[in-house]
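The lines below spell out each chain.
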Amino acid sequence: MLASFCRSISSACAVGCNRQFLYLSDAKLVIRQYAMPPKRKAAAAKPKATAKEDTAAIEQTKEEDTGENGASSTTEPPPKLAKKVSDGLKSMDFSSTSKTEDERAWNFKIASWNVNGVRAWMNKDGLSYLSQEKPDILCIQETKCSQNKLPKELNVDGYKAYWSSAQKEGYAGTGLYTKTEPISVKYGIGIEKHDTEGRVITAEYEKFYLVTAYIPNSGQGLVRLGYRTKEWDQDFMAYMKDLDKKKPVILCGDLNVAHLDIDLTNPKQNKRNAGFTPEERAEFGKLLESGFIDTFRTLYPDKEGVYTFWSNFRQAREKNIGWRLDYFVMSERFKKNLCDSVVRPAVMGSDHCPLVLYLAL
């Protein structure tokens, strides 16, 4: 009877009890005290997160996970063990039969990708994407590498490359690969306070300007929201409008804003998080109202669940808990040349994925 009682007590204490029953005799019950390891005790005491809390935690880490404004280090961390870019590329279909509204087939392709560190991207076989996608132009953002530290392996046959780096090592930066040499290339927007972080490259072609940009993040706690919306956004829009007076403009890159509620998984919980504040969304809306279009939303106004960024926390990408922060924007009058605007979420190698613009020129 006593043995039966002890077995039931031992079973009840299997997870959280700090005692261990050793043996039982007719005369006595021998018990040994032991200390539960701190990590196990903490895990046992911690309540399991609900689905809602899990989503919120992923969403609210977005601004900390972009590599700027709040990160503990400004230098690029060692590459994480992650899937290589080449994984799965051979099984993907990069073909397209897209056409313009007047039935002209596409003949020009531009790709854009925030690679979250060009050296880490290279270590993940990043250039395999270029060889598979075969764009006429590839724009990349967040290179995190100064000019004198760019790996020589970044040189690609058939493409001419242009780079713009931040003065601060391991921070921001943009790049551009192009098959056709541009008429001219400009770095920055011509305003010194904005041009120290390598955020903009403008390439002039015969029929358009191409601007690749890595727009400043408003930061953890929105510490740069004022700079972002009252200074950068104002001056950048003026720069875009000035270019547009000369010839049509195509803007691509990480614009660090989810414009509409359907551009992120959980809008209600992110109204005051960087990338989804009313101020940032309003400024992006003003850019569109000044003669530009969001190519993806123009073609797919109601499509949900399409994102370009996922936090590295809690399997956000596997669960598709993400944000659409990367865009192709173009002059409205250039819309007649638009065939398709595509997102490539299956391409790994960064916390962002590539996006592609198909044009008939």
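Below is a summary of the structure that appears in this document. None of the values given here were measured: they were computed from a predicted structure.

Some details on the overall build of the protein chain
For the protein chain, the count of helices and strands is nine helices and 16 strands. The buried share among the 361 residues of the protein chain stands at 52%. When contacts within the protein chain are restricted to residue pairs at least 6 apart in sequence, long-range pairs at least 24 apart make up 72% of them. For the protein chain, the accessible area works out to roughly 17,500 Å², and carbon and sulfur atoms hold 52% of it.

Description of the pattern of salt bridges
Inspection of the entire model under this criterion finds 21 salt bridges. Close ionic contact of aspartate 261 with lysine 271 constitutes a salt bridge, the shortest N to O distance being 3.8 Å. With a gap of ten residues between them, aspartate 261 in the loop between strand E10 (249-254) and helix H7 (278-289) and lysine 271 in the loop between E10 and H7 connect regions that are remote in the sequence. Between aspartate 263 and arginine 324 there is a salt bridge, with its nearest N and O atoms 2.9 Å apart. With a gap of 61 residues between them, aspartate 263 in the loop between E10 and H7 and arginine 324 in the loop between strand E13 (322-323) and strand E14 (326-331) connect regions that are remote in the sequence. Of the two residues examined, aspartate 263 and arginine 324, each falls in the buried class. Through salt bridges with shared partners, a single network forms among Asp263, Asp294, Arg297 and Arg324.

Here we look at H7
Across its twelve residues, H7 extends 16 Å between first and last C-alpha, which sits within 8% of the 16 Å expected from 1.5 Å per residue. Where H7 ends, the next residue or the one after it, glycine 291, has phi of about 115°, a positive value.

Focus on the state of the cysteines
Taken as a whole, this structure holds zero disulfides when the rule is applied. No disulfide involves cysteine 139; its sulfur sits 3.5 Å from the nearest other cysteine sulfur, which is in cysteine 252. What makes cysteine 139 buried here is its relative accessible area of 0%.

Quick look at unusual backbone geometry
Phi is positive for aspartate 125, close to 65°, though the residue is something other than glycine. Within the secondary structure, aspartate 125 is located in the loop between helix H4 (118-123) and helix H5 (127-133). Classification of aspartate 125 as partly exposed rests on a relative accessible area of 34%.

So, the sheet that holds strand E8 (residues 200-204)
Taken in spatial order, the six strands of this open sheet run E7-E8-E9-E10-E14-E11, and their pairing is mixed. Edge strands, defined here as strands with exactly one partner in the open sheet, are strand E7 (184-187) and strand E11 (292-294). Strand-to-strand twist of the sheet, defined as the mean angle between neighbouring strand axes without regard to direction, takes the value 15°. Bridge analysis of E8 against strand E9 (residues 209-214) gives five bridges, and the strand direction is antiparallel.

Looking at the side chain of arginine 199
Structurally, arginine 199 is set in the loop between E7 and E8. Within the structure, arginine 199 has its side chain in polar contact with the side chain of glutamate 197 (distance 2.6 Å). At 2.8 Å, the side chain of arginine 199 and the backbone oxygen of tyrosine 214 are in polar contact.

Description of the side chain of glutamate 133
Within the fold, glutamate 133 resides in helix H5. Among residues more than four places away in sequence, those in contact with glutamate 133 are Phe94, Lys109, Arg344, Val356 and Tyr358.

Calculation notes
- Residues numbered from 1 in each chain as written.
- Predicted model: local features only at pLDDT ≥ 70, side-chain atom pairs only at ≥ 80, totals over all residues.
- Heavy atoms only, no water.
- Helix = DSSP H or I, 4+ residues; strand = E, 2+ residues; numbered from the N terminus.
- Buried < 20%, exposed > 50% of the residue type's maximum accessible area, 1.4 Å probe, protein only.
- Contact = heavy atoms within 4.5 Å.
- Areas by Shrake-Rupley, 256 points an atom, 1.4 Å probe, with all protein chains shown as cover.
- Salt bridge = Lys/Arg side-chain N within 4 Å of Asp/Glu carboxyl O.
- Expected span 1.5 Å × (residues − 1).
- Disulfide = S-S within 2.5 Å.
- Pairing = 2+ DSSP bridges.
- Axes fitted to C-alpha atoms, helices over the stretch in contact; angles between N-to-C directions.
- Polar contact = N/O pair within 3.5 Å; in protein donor to acceptor, adjacent residues only side chain to side chain.

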